[in-house]
Structure formats: C-alpha cells, structure tokens
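Reading the structure
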Amino acid sequence: MRCIAEPAAAAQDRPLDLVARSSTSLRGFRVSDVPYIVPIVADALREHYDPDLYPSLSATWPDGFLVATDPSDVPIGFLLGVHQVEGEGRVLMFAVDREHRGRGLGTVLMNAFLAECRTKHLRRITLEVRVSNATAIRFYTRYRFSVVDMLRGYYSDGENGYQMARDVG
Ligand SMILES: CC(C)(COP(=O)(O)OP(=O)(O)OC[C@H]1O[C@@H](n2cnc3c(N)ncnc32)[C@H](O)[C@@H]1OP(=O)(O)O)[C@@H](O)C(=O)NCCC(=O)NCCS
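Residues numbered from 1 in each chain as written. Predicted model: local features only at pLDDT ≥ 70, side-chain atom pairs only at ≥ 80, totals over all residues. Heavy atoms only, no water.

Here we look at unusual backbone geometry
Let me state the cut-off plainly: A helix here means a DSSP run of H or I that spans at least four residues, while a strand means a run of E at least two residues long, and both kinds are numbered starting from the N terminus.
Its identity as a non-glycine residue notwithstanding, His121 has a phi of 60°, on the positive side. Relative to the assigned elements, His121 resides in the loop between helix 5 (105–119) and strand 5 (124–130). Positive phi, close to 65°, is recorded for Arg144, a residue that is not glycine.

Remarks on the nonpolar core
Buried together is how nonpolar side chains tend to be arranged in soluble globular proteins. Rules: Here, nonpolar core means buried Ala, Val, Leu, Ile, Met, Phe, Trp, Tyr and Cys residues that are tied together by side-chain atoms lying within 4.5 Å of each other. Summary of the burial criterion: residues with accessible area below 20% of their type's maximum are buried, those above 50% are exposed, and those between are partly exposed, where the area comes from a 1.4 Å probe applied to protein chains only. Note on contacts: a residue pair qualifies if any of its non-hydrogen atoms lie within 4.5 Å across the two residues.
Ranked by internal contacts, the top residues of the largest apolar core, which has 27 residues, are Val91, Phe94, Met110, Phe113, Ile125 and Tyr140. For this core, the secondary structure elements donating two or more residues are strand 2 (65–69), strand 3 (75–85), strand 4 (88–96), helix 5, strand 5 and helix 6 (134–142). Per-element accounting of this core gives the leading share, seven residues, to helix 5. Apart from residues no more than four positions distant in its own chain, Ile125 is found in contact with Gly89, Val91, Phe113, Leu114, Cys117, Phe145, Met164, Ala165, Arg166 and Val168. The next biggest cluster of nonpolar side chains, apart from the first, holds 18 residues, and it includes Phe29, Tyr49, Met93 and Ala95.

Some points on helix 5
We apply this condition: Take the number of residues in a helix, subtract one, and multiply by 1.5 Å to get its expected span.
The terminal C-alpha atoms of helix 5, which comprises 15 residues, lie 21 Å apart, in line with the 21 Å expected from a rise of 1.5 Å per residue. Within helix 5 the residues assigned to the buried category are Leu105, Gly106, Thr107, Leu109, Met110, Ala112, Phe113, Leu114 and Cys117. One or two residues past the end of helix 5 sits His121, with phi positive at roughly 60°.

Side note on helix 4 (residues 53–60)
Defined as follows: The directions considered for the arc are those from the helix axis to the C-beta atoms.
Buried within helix 4 are the following residues: Leu53, Tyr54, Leu57 and Ser58. Projected down its long axis, helix 4 shows its buried positions confined to an angular sector of 125°, all on one face. Residues of helix 4 that are buried sit in contact with helix 3 (34–45), strand 2, strand 3 and strand 4.

Put into structure tokens, the structure is as follows:
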C-alpha cells in the first residue's frame, strides 16, 4: 500500500479561514463515501485502489479514518490512518479535493488525526510521500515530520518516496 503532521505552533494555532470554518464538517468514514473518495485519490495521489479497501481499512481503526465534508455532507477531503505497528500510527492516504485546498482543511484533518493518536496513546506517526510532492513535504515539515528513509521505486509509476516520521508528542 503506497501513500501514500503537533504542527509548528504557528500552524496549529492558526485560525481557520471563514470559508473552511463555516462550511465544512469533520466526521468518521462511511461506506457511502467511497464513490467520492475514489476520484479524489485518483486525482490527488495518482493511485488507484480497490474500492473495497476503504471499508476494510476503516474497520481496523474507525477513528483513524477522518472525512471532511461540504454542507451537503459530500466528502471533500480525508485522512486515512492505520495502526499496523505497536505504538505507531501511519498516514496511509491524505488528500483534499483540489478545489478546496489552501483553506485549512488539511490542517483540520491532521490536527484531528494527531488528537486521535494521542487518545490511542500512540508514540510515533509515519507516512510516505512522493519525492516530487513539495507541497505535501512542506506541509508535513511544518508538522515536525522529518525524512527518515528514501524508498526507491516506491510508487506504481516508479517514482521514489520519502518515509517521514515524528513523535506524537
Ligand atoms: C497536502 C494537502 C492534503 C493539504 O491540504 P490543504 O487543505 O490544502 O491544507 P491547508 O489548507 O491546511 O494547508 C495548505 C496551505 O494553505 C495554507 N493555509 C492553511 N490554512 C490557511 C488559511 N486559513 N488561510 C491562508 N492559508 C492557509 C497553509 O499555510 C499551507 O501552506 P503551505 O503550502 O505553505 O504548507 C493537499 O495539498 C493535497 O490534497 N495535496 C494532494 C495530495 C497529497 O499530496 N497528499 C499527501 C501525499 S502523502
């Protein structure tokens, strides 16, 4: 599975803009979200997964799969976290629909995921990111993730990945 961030104080404390705060909600994953999540993944992550994967991963850690929705409850972003290694959470997929980026949704999703990791007493969080994905790498770096490994040919199109990690704190 390829994917595939306490932010720096400034990121965590930054007020969300009015658009993000007034028109979006955060909730847990529902099976009915799959038809909306699949195209977000295809566009944002350039990967295609079996649609059955989402419910099965959600079943392993329901509180780790967070979905941001518009006022009609349509998913516009999500963070799928998994718990596969003792004491560790992993951000398996994280994407916001391109029309809704840069408005704080990613920050809301990541802050909520960090809170879930603390509730679950996890110590460390890992993730993978394309080496070319400067936007995401900057986002994660703000959240005190750092590169811990280079994953050669990690993505299905052959691109290398970075593994990044941070303590939950
Ligand atoms: C990475 C990703 C999920 C971030 O989602 P997002 O909703 O755009 O995230 P935010 O809006 O919280 O933050 C993005 C930027 O907007 C800025 N921003 C956030 N809230 C803001 C606000 N209220 N006002 C102004 N700017 C704001 C942030 O400072 C951040 O700037 P940066 O580019 O310097 O990091 C999104 O870019 C994405 O889906 N990318 C494609 C998929 C991807 O790369 N996923 C990760 C791969 S592992």
